[in-house]
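Now for the letters of each chain:
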Amino acid sequence: MPSAWWLLGKEVEKYLNELVLGKRSEKTKRGYRWPLGHTFEGLHDAKMTVNPRKVGRKEIDYLRNEYMTGTEGYRDYNIKVLKLFLKWAGNAEIVNLRLGFRDDGIRKARWLSDEQAVTV
């Protein structure tokens, strides 16, 4: 009987290949492979579930707050890639799970002219 880890690897490969078939680039495929492997490796090492249909808030919180290091943006990217995969795999809980991510939107700044600044 194949192990859960082996089955997960096959499922990740199927997902990555479907990305390319869906007109996503090879660069995207390469960019998603490492975060998926890294996050599931963290769950596996912590003896948590690696079944993509059973990953929930507990596992996401562990990855985000304890396992991953680096900047907030780096952690958010890895979780977003994981969340996309879990949705593809049919994880019903992750679809309804609301995760807060940092705000990385670009802001328009309208600076005052020198004359306006003096007036203010």
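We now turn to the structure provided with this report.

Parameters and conventions
Residues numbered from 1 in each chain as written. Predicted model: local features only at pLDDT ≥ 70, side-chain atom pairs only at ≥ 80, totals over all residues. Heavy atoms only, no water. Helix = DSSP H or I, 4+ residues; strand = E, 2+ residues; numbered from the N terminus. Contact = heavy atoms within 4.5 Å. Areas by Shrake-Rupley, 256 points an atom, 1.4 Å probe, with all protein chains shown as cover. Buried < 20%, exposed > 50% of the residue type's maximum accessible area, 1.4 Å probe, protein only. Lys, Arg positive; Asp, Glu negative; His and termini not counted. Salt bridge = Lys/Arg side-chain N within 4 Å of Asp/Glu carboxyl O. Expected span 1.5 Å × (residues − 1). Axes fitted to C-alpha atoms, helices over the stretch in contact; angles between N-to-C directions. Parallel < 35°, antiparallel > 145°, perpendicular 65-115°, else oblique. Nonpolar A, V, L, I, M, F, W, Y, C, P; charged D, E, K, R; others polar. Arc of directions from axis to C-beta.

### Details of the overall build of the protein
If you tally the helices and strands in the protein, you get 6 helices and 0 strands. In the protein, the succession of helices and strands from N to C terminus is α-α-α-α-α-α. Across the protein, the fraction of contacts at a sequence separation of at least 24, relative to all contacts at a separation of at least 6, is 58%. Carbon and sulfur atoms provide 54% of the accessible area of the protein, an area that totals close to 8,400 Å².

### Digging into the side chain of K29
Note that K29 resides in helix α2 (residues 26–45). This buried residue, K29, is left without a salt bridge; E26 holds the nearest opposite charge, at 4.4 Å. If near-sequence neighbours (up to four positions away) are discounted, K29 is found in contact with L16, N17 and V20.

### A closer look at the side chain of E59
Position of E59 among the secondary structure elements: in helix α3 (residues 57–67). An unpaired buried charge is present at E59: no salt bridge exists, and K58, the closest side chain of opposite charge, is 4.4 Å distant. Setting aside anything within four residues of it in sequence, one finds E59 in contact with L43, M48, T49 and K54.

### Topic: α2
In this model, α2 (20 residues) spans 29 Å end to end at C-alpha, consistent with the 28 Å of a helix rising 1.5 Å per residue. Residues T28, K29, Y32, P35, L36, H38, T39, F40, G42 and L43 constitute the buried set of α2. Looking at the buried residues of α2, the elements they touch are α1 (4–21), α3 and α4 (72–88). Positive backbone phi, at 60 degrees, marks K47, one or two positions downstream of α2.

### A few points about the packing of α1 against α4
In the contact formed by α1 and α4, the axes pass within 11 Å of each other and the chain directions differ by 95 degrees. Classified by the angle between their axes, α1 and α4 sit roughly perpendicular to one another. Contacts between α1 and α4 involve L8, E11, V12, K14, Y15 and E18 from the first element and L84, F85 and W88 from the second. Tallied by class, residues from the contact of α1 with α4 come to 6 nonpolar, no polar and 3 charged.

### Notes on α1
When the terminal C-alpha atoms of α1 are compared, their 26 Å separation across 18 residues agrees well with the 26 Å that a helix rising 1.5 Å per residue should span. When α1 is considered as a whole, its buried residues turn out to be L8, E11, V12, Y15, L16 and L19. End-on, the buried residues of α1 take up no more than an arc of 135 degrees, which puts them together on one face. As for α1, its buried residues are in contact with α2 and α4.

### A word on the pattern of salt bridges
Here the structure, examined in full by the defined rule, presents 4 salt bridges. The closest approach of N and O atoms between E11 and R53, which form a salt bridge, is 2.7 Å. With a gap of 42 residues between them, E11 in helix α1 and R53 in the loop between α2 and α3 connect regions that are remote in the sequence. Given a relative accessible area of 39%, R53 falls into the partly exposed group. R57 is the salt-bridge partner of D61, the closest N and O atoms lying 3.8 Å from each other.

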